[in-house]
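# Structural features, examined
Here's the letter readout for the chains.
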Amino acid sequence: MEIRNFCIIAHIDHGKSTLADRMLQHTGAISEREMRDQVLDEMDLERERGITIKSSAVSVDYAHSATGGRYELNFIDTPGHVDFHYEVSRALTACEGAILVVDATQGVEAQTVANAYLAVEAGLEIIPVVNKIDLPSARPEDVAMEIESVLGLGADDCIFCSAKTGQGIVELLDAICDRLPGPAGDAAKPTQALVFDSEYDDYRGVITYLRLFNGRLKVGDRIRMMRAGRTYNITELGKFTPRMTPFKEPIEAGEVGYMVAAIKSLEDVNIGDTVTLDARPAPEPLPGYREPQQMVFCDFYPAGETQFEALRDAVERLHLNDASFTFQPQHSDALGFGFRCGFLGMLHMEIIQERLERESGVSLVQTAPTVTFQVLLNTGEVVEITNPADLPDMSRVREIREPIVDVEIITPNDGIGEIMRLCESRRGVYKRQQYLSETRQILDYELPLSEIIYDFYDKLKSITRGYGTMDYTLKGFRADNLARMDILINGQPVDALSTIVHRDKAEQRGRALLGRLKKEIDRHMFEIPLQAAIGGRIIARESIRAMRKNVTAKCYGGDVTRKRKLLEKQKEGKRRMKRIGTVDIPQEAFMAVLDPGE
Ligand code: GDP
Ligand code: MG
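All of the points below concern the structure found in this document. All values derive from a computational prediction rather than experimental measurement.

Attention now moves to helix α1 (residues 16–26). Given 3.6 residues per turn, any residue in an α-helix points the same way as the ones three and four places further on. Counted residue by residue, α1 has eight buried out of 11 residues, so it is predominantly covered. Residues of α1 that are buried: K16, S17, L19, A20, D21, R22, M23 and L24. Against the buried residues of α1 lie β1 (2–10), β2 (56–63), β3 (70–77), β4 (97–103) and α6 (169–179). Backbone geometry just after α1 places G28 at a positive phi near 75°.

Moving on, we get to the sheet that holds strand β18 (residues 326–332). Two pairing modes exist for strands in a sheet, parallel and antiparallel, and in both the strands are linked by backbone hydrogen bonds. Here we have four strands laid out as an open sheet, ordered β18-β19-β17-β20, and antiparallel in their pairing. For this open sheet the edge positions go to β18 and β20 (364–366), each flanked by a neighbour on one side alone. Here the strands of the sheet are splayed against their neighbours by 30° on average, with no regard to which way each runs. Bridge count for strand β17 (residues 296–302) against strand β19 (residues 336–343) is five bridges, and the pairing is antiparallel. By the bridge assignment, D299 is partnered in β19 with R340. Contacting β17, β18, β19 and β20, helix α7 (residues 308–321) crosses the sheet at an angle of about 20° to β19.

Here the focus is the side chain of N115. Among the secondary structure elements, N115 is positioned in helix α4 (residues 110–121). A polar contact is formed between the side chain of N115 and the backbone oxygen of Q111, at a distance of 2.9 Å. Here N115 is in contact with I9, A10, G80, H85 and V88, once residues within four sequence places are set aside.

Turning next to the packing of aromatic side chains. Scanning the model with the defined rule gives 11 aromatic pairs in all. Seen from their ring centres, F196 and Y209 are 5.9 Å apart, and the 80° between their planes marks the pair as edge-to-face. Placement of F196 in strand β7 (residues 192–201) and of Y209 in strand β8 (residues 205–214) is noted, with a sequence separation of 13 residues between them. Take Y209: its relative accessible area is 6%, and that puts it in the buried class. Plain terms: the ring middles of Y209 and F240 are 4.7 Å apart, the flat faces sit at 50° to each other, and that makes the pair tilted.

A few words now on a negative patch on the surface. Judged by side-chain charge, E125, E148, D156 and D157 come together as a negatively charged surface patch. Mapped onto the elements of the fold, D156 is located in the loop between α5 (140–151) and β6 (159–160). For D156, a relative accessible area of 77% corresponds to the exposed category.

Attention now goes to the site of ligand 1. Taken together, 16 residues sit near ligand 1, with D13, K16, T18, Q38 and D134 positioned nearest. G15 places a main-chain nitrogen or oxygen 3.0 Å from an oxygen atom of ligand 1. In this structure, N131 approaches ligand 1 through a side-chain N or O atom, which is 3.1 Å from an oxygen atom. Burial of ligand 1 by the surrounding chains reaches 82%, relative to a free accessible area of 570 Å². Among the elements that make up the shell around ligand 1, the one with the highest residue count is α1 (three residues). Within the shell around ligand 1, the residues separate by chemical class into three nonpolar, eight polar and five charged.

About the thresholds
- Residues numbered from 1 in each chain as written.
- Chains lettered and ligands numbered in written order.
- Predicted model: local features only at pLDDT ≥ 70, side-chain atom pairs only at ≥ 80, totals over all residues.
- Heavy atoms only, no water.
- Buried < 20%, exposed > 50% of the residue type's maximum accessible area, 1.4 Å probe, protein only.
- Helix = DSSP H or I, 4+ residues; strand = E, 2+ residues; numbered from the N terminus.
- Contact = heavy atoms within 4.5 Å.
- Pairing = 2+ DSSP bridges.
- Axes fitted to C-alpha atoms, helices over the stretch in contact; angles between N-to-C directions.
- Polar contact = N/O pair within 3.5 Å; in protein donor to acceptor, adjacent residues only side chain to side chain.
- Phe/Tyr/Trp six-rings, centres within 6.5 Å; stacked < 30°, edge-to-face > 60°.
- Patch = residues over 30% accessible without salt bridge, like charges linked within 9 Å, V, L, I, M, F, W, Y side chains within 5 Å.
- Areas by Shrake-Rupley, 256 points an atom, 1.4 Å probe, with all protein chains shown as cover.
- Salt bridge = Lys/Arg side-chain N within 4 Å of Asp/Glu carboxyl O.
- Lys, Arg positive; Asp, Glu negative; His and termini not counted.
- Charge placed at Lys NZ, Arg CZ, Asp CG, Glu CD.
- Near = heavy atom within 4 Å.
- Nonpolar A, V, L, I, M, F, W, Y, C, P; charged D, E, K, R; others polar.

Next up, the structure:
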């Protein structure tokens, strides 16, 4: 039986998961009874939001419709969002081919381009697919032309299909057999299996996803992780059909499967490592991957009834399932003990926060997300900081460097002027502009990451009425006129509210932030000054006026007042306050920094 290994890549919502459904259904891997939409999106969060967060691998058998030849198709559905490019590039390394899905009503979008480049870089054969041809607004021919002009893939090579109705699926499956190369590898050579993913199971421990490049593996083999240098015995070996199914026969060069080997912690498995046989090791490991890069950081502190220990358990537990976020203990004067966490991007951050709350039932206070900064000290030493509170005293600092990203925006022509103004207002550097079709353009800018993580994408969407898309890649670090802005409440600095800002924007940001804080903090018996300061110099101020005594008593009479006070007390019992000096600050106030709301 011949083998084809491929992954499905696309811009978000162009139909990858639905196409995977149709292929599973058509090859009989899943019965009509088991069929539900987006079968491979198993996580509740994935199903609710309709997005794929984690790649899934599947093996199916297919008989070519013309030749009757039998094929084992191994494919990986991937997430489309920019935060998960790392996940996609891992999946690509395990394959010889890629199905690039493009929505026939939307055309080529930012993540179409980004993912196609990743596939080309990985040296894969690409089959372009124009999907959703069942929709009345579909423009399959135009979209095929876009694919040709923007990505250099032949319009004639496009397969037109509908993942919804199943039209074109057989043609696609045949094309996969005919056009994608089979795996090279040699089953007789010493074993080399690439670890391309892993997951944690409460009962079996770590389940390692493998792509065999050479040799074979079977249950009972003693294997060695080449980079980590550890050895294990394989207790279970299998394939995804699409559920994990144990196999007695060996898994051989070219195939994809999973392995259970009494590995306790995800930390013990390096994604990108090579599995070989301990008795007959391969001369060298496969190339592997670079480490995932955390782009945004924030703190999580326990909130409401949640205790620190419960938060710690929740974070450690989730980390077993997703090793691409980082965490380390953190202490804040204002918020107590918590964790500083690093994420691949804002969506990833949101997902982790939501999974922590829903899978472990903890409640959290989250601080403002920030990027990593490189600080060049007068001594010549460079330190990386992910927390504004850690910024050394400015008298020791020569420069502060921030991450810069290359941003590619795809937009309809009529939004272009406004988008350029948006980029410029975010300290963007114009790179280039090019036509994608008569009605759409590709716009390239260099922008500080910190300027796009909050609300840039929402702004882009609203300018383009939902049609604009963007993608970005980290370019490097660049020094700019940056400083830490501290927030003082009643004269006292609150560490969890500090941010690093560009000096030109500090005043504006400071005022906006104080305005939001003012709304969150209740009146006290005394006036509370709110200040934003850079290095001791106050750049913005606000104040919360003192409560006037007995207002309620005068208006409503004693009885009502007592009842109201009781109610308010109860409410406050639920609303957790942090006392800083003599001021009670509700934990929601710490979230106020999250949204720059300009
Ligand atoms: P993914 O983000 O690329 O995995 O996209 P999904 O498979 O989740 O699909 C996004 C949306 O498009 C879902 O609402 C699907 O039902 C819908 N969809 C996918 N393929 C088709 C198609 O061929 N025709 C139509 N009409 N809708 C489709
Ligand atoms: Mg999907």
